[in-house]
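Each chain, letter by letter, is given below.
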Amino acid sequence: MGRNKRRHSAVAGATRPDAAAASRSRGLSLGRREELAAWVFILPWIVGFLAFTAGPMLVSLYLSFTETNMLNIFKHVGLRNYVDLFSFDKVRSLFWISLYNTCYYVFLSVPLELAVGFMIAVLLNQNIKGRGLLRTVYYLPSVIPGIAVSLLWIMLFRGQSGVFNSVLALFGIQGPAWLYSEVWSKPALVIMSLWGAGGPMLILLAGLQSIPTELYDAAKVDGAGVWSRFWHVTIPMVSPTLFFVLVTGIIGSFQVFVTSYVMTSGGPNNSTLVYVLYLFNLAFKQFRMGYASALAWAYFVVIMCFTVLLLRSSAAWVYYETGIGGE
Amino acid sequence: MAAKGWLPEHTARRLTRVAQRALLYFILLAGGVVILFPFYWMVSTSVKPPNEVAAVPIKWIPSRIVWENYPQAIYAMPVSVLVFLKNSLVLSSLVTYGTVSVSAIVAYPFARLRFRGRRTLFLIILGTMMIPSQVTMIPLFILFSRLQWVNTFLPLVVPAFFGEAYFIFLLRQFFATIPREMDDAAKIDGCGPFGVFFRIILPMSTPALGITAVFSFSGMWNNFMGPLIYLNDMDKFPLALGLRAFQSGPGTGRSIRWEHLMAASVLMTIPMLVLFFFTQRSYIQGIVITGVKG
């Protein structure tokens, strides 16, 4: 709190040019001048933070206790939005379904993407020819606009004329209806997300390359075999990078929207209704802004909980060479 | 290993090594083919004759190349794809200009100046990266509609002019690597903090500024949800929304022309590929710096 107060006074000082000029004429110390300049530089971000992040978050909290109709009437309803939200009655709320769908997607796609990305990174980290080219090839899908990816994969997942089912047919397997099947729609989105494994791969490969070779040499001298070196040198040394990719992957995947919106519109039978899509529909199709705000806050709390849990757990399995990771 | 026993030991060991190498290359190349296949499908569909697009059994290779799909795709919508392209260019350029210049300004004091609360404030900035934009989406929509900004580019462009946490972080990391002796020399010549920023830090950071620009440009280019929320008229659509319009069709009930849709997708993707290939080295560095040193 004390720190906060000081920050505000400094901001106020930076925004009052007359006061600043006055003190400068009295001979401002170099340190004070530097401090003043710093706040002038940071000012745009502070304004933006208040106007586009902190302010709206508070407004959103307020809205979550109201009922609104088409942006103008705000009626206080107390906790009703939240009571409705957490209701298990599917007619009243799709909160649990959308949360389940999102978690299904996040907790399958992120670990799988990470595993595949890590595997490719380990393979690419050998002394091989054409490594740069292969790295580029694997990363390429991450460069494609999400909307183009989604549209393209609709075609790959088509029933009879789709690529997946045509390949399966070569082996005499009749493929499912994928995006039109309540059972297979979510796995289809997970499979599709694996196309983006090049993202984690790129970061993990850099992490692997930054491991000093002396560590491997020392392990070899101690008689460690390939597997032992992998488990006792590679894994601990790359664990901070793995952790970073995991956290950013989970936060990013929780925001999945475009794929569901474009490929399935949340269907069939809400099987791909992810959280943000539900939020979007409530806010911008039904214009239930108050209820949607409650949904948005619940979403924020869920993400924060997962982040905190992950950060807490990191001490157990992430190896940091020098204390904590720092900035 | 299988060869052990009936071959001299060193030959056997070499054979195993060769086999291992072969397997390694095989896995990596097979993986590469799988990764590249959807690209092939996008491009090949865009030049397929219409009756082969959804053929059963599947047509792996188009029987002839139909380049006319491209001009047809451009004029298939009530609004030309070229208008979508122009809107994307305008939006992405404005957002890039705002984000890069303001993020650089905000990043500078965190790399160079001493002030109270520096560490705390920087952690707050990093913390805002964890806040999903969906949390502020609704109040911002209400704010911008009160300002009569809906159906203009303003809600998408104006916030960029207040800096972006991720880029502030990226630029700060880079600024911190510029040797301080450079600053000192400028200070002796009578430069204040502003002089140092404009005469030393900015000119020395062109690679970092460049890569920030590339990221921010592609970020807006690929942005779908923002335009979806704020833009209503088709002649204001960027490519991302334009593609979606292909899917839903101008009139209802029209079947999707996949060859046109893929042609438009190719047109939207090419600039991203070009940007990536021309800036590859620093692009990859930019992605990596956040992960490994983060």
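One numbering rule holds for all chains: residues counted from 1, following each sequence as written. A letter from A marks each chain and a number from 1 marks each ligand, given out in the order of writing. At least 70 in pLDDT is required for a residue's local features to be given in this predicted model, at least 80 for side-chain atom pairs to be given and counted, and no such filter applies to totals for whole chains, interfaces and linings, which use all residues.

A.B. asks: Could you clarify how one ought to interpret the overall build of chain B in this entry?
C.D. replies: Strands are runs of DSSP state E lasting at least 2 residues, helices are runs of H or I lasting at least 4, and numbering of each runs from the N terminus. The helix and strand tally for chain B stands at 14 helices and 0 strands. Taken from N to C terminus, the helices and strands of chain B fall in the order α-α-α-α-α-α-α-α-α-α-α-α-α-α. C-alpha atoms define the radius of gyration, and 2.2 Å times the number of residues to the power 0.38 defines the globule rule. The globule rule puts the C-alpha radius of gyration for 294 residues at 19 Å, and the 26 Å found for chain B is more than 25% above it. Along the first, second and third principal axes, the C-alpha set of chain B runs to 75 × 70 × 35 Å. Neighbour density around each residue's C-beta defines its exposure: 20 or more other C-beta atoms within 10 Å make it buried, 12 or fewer make it exposed, and counts between make it partly exposed, where C-beta atoms are placed from the backbone. Looking at chain B residue by residue over its 294 residues, the buried ones come to 37%. In chain B, the proportion of contacts linking residues at least 24 apart, taken out of those at least 6 apart, comes to 70%. By the criterion used throughout, residues are in contact when their C-beta atoms, derived from the backbone, lie within 7 Å.

A.B. asks: Can you walk me through the domain arrangement of chain B in this structure?
C.D. replies: Accessible area lost during the coming together of the parts is what is often quoted as the interface size. All names here are of chain B. Its domain assignment divides chain B into domain 1 (9-67) and domain 2 (71-292). Summarising the inter-unit geometry, the C-alpha centres of domain 1 and domain 2 are found 34 Å apart. Facing 8 residues of domain 1, the contacting portion of domain 2 comprises 6 residues. Note that Gly is not counted as nonpolar here; it falls among the polar residues with everything else outside the nonpolar set of Ala, Val, Leu, Ile, Met, Phe, Trp, Tyr, Cys and Pro and the charged set of Asp, Glu, Lys and Arg. Grouping the constituent residues of the side of domain 1 that touches domain 2 by class yields 5 nonpolar, 2 polar and 1 charged. Marked domain ranges trace back to an automatic or database domain assignment.

A.B. asks: What is the right way to read the packing of helix α3 (residues 81-112) of chain B against helix α10 (residues 206-222) of chain B from this model?
C.D. replies: Two quantities define a packed helix pair, namely the angle between the helix axes and the distance between the axes. Residues and elements named next belong to chain B. Only the contacting stretch of a helix is used when fitting its axis, a line to C-alpha atoms as for every element, and angles between N-to-C directions run 0 to 180 degrees. For the pair α3 and α10, interaxial distance at closest approach is 8 Å and the crossing angle is 140°. Our classification of the angle between α3 and α10 gives oblique. For the pair α3 and α10, the sense of crossing is right-handed. Between α3 and α10, the contacting residues are Ser 88, Leu 91, Ser 92, Val 95, Thr 96, Thr 99, Val 100, Ser 103 and Ala 104 on the first element and Leu 209, Thr 212, Ala 213, Ser 216, Phe 217, Met 220 and Trp 221 on the second. Looking at the contact of α3 with α10 residue by residue, the classes come out as 9 nonpolar, 7 polar and no charged. Under this scheme an angle from 65 to 115 degrees is roughly perpendicular, one under 35 degrees roughly parallel, and one over 145 degrees roughly antiparallel; angles in between are oblique. By the definition used in this description, the sense in which the near helix is turned from the far one sets the handedness, with an anticlockwise turn below a right angle giving left-handed and a clockwise turn giving right-handed.

A.B. asks: Any chance you could explain the interface of chain B and chain A here in plain terms?
C.D. replies: Listed by partner, the interface residues are 73 residues for chain B and 77 residues for chain A. Along the lines of polarity and charge, the residues of the side of chain B that touches chain A split into 52 nonpolar, 18 polar and 3 charged.

A.B. asks: What exactly am I supposed to notice about the nonpolar core here?
C.D. replies: Among soluble globular proteins, nonpolar side chains are generally buried collectively. For this analysis, nonpolar core means a set of buried Ala, Val, Leu, Ile, Met, Phe, Trp, Tyr and Cys residues linked through C-beta atoms within 7 Å. Judged by nonpolar contacts, the single largest core of 148 residues is most densely connected at A:Leu279, A:Leu295 and B:Leu243. The biggest single contributor to this core is α3(B), with 12 residues.

A.B. asks: Is there a simple way to explain helix α12 (residues 226-254) of chain A in this structure?
C.D. replies: Spacing of three or four residues puts side chains on the same side of an α-helix, whose turn is 3.6 residues. All names here are of chain A. Here a helix's expected span is defined as the number of its residues, less one, multiplied by 1.5 Å. Between the first and last C-alpha of α12 there are merely 37 Å, a value that for 29 residues lags more than 12% behind the 42 Å anticipated at 1.5 Å per step. At any given residue, the bend is defined as the angle formed between two axes, one fitted to the seven residues that end at that position and one fitted to the seven that begin there. If you look at α12, its biggest bend is around 50°, right at Ser 239, and the proline Pro 240 turns up within four residues after that. Of the residues making up α12, those classed as buried are Val 238, Pro 240, Thr 241, Leu 242, Phe 243, Phe 244, Val 245, Gly 249 and Phe 254.

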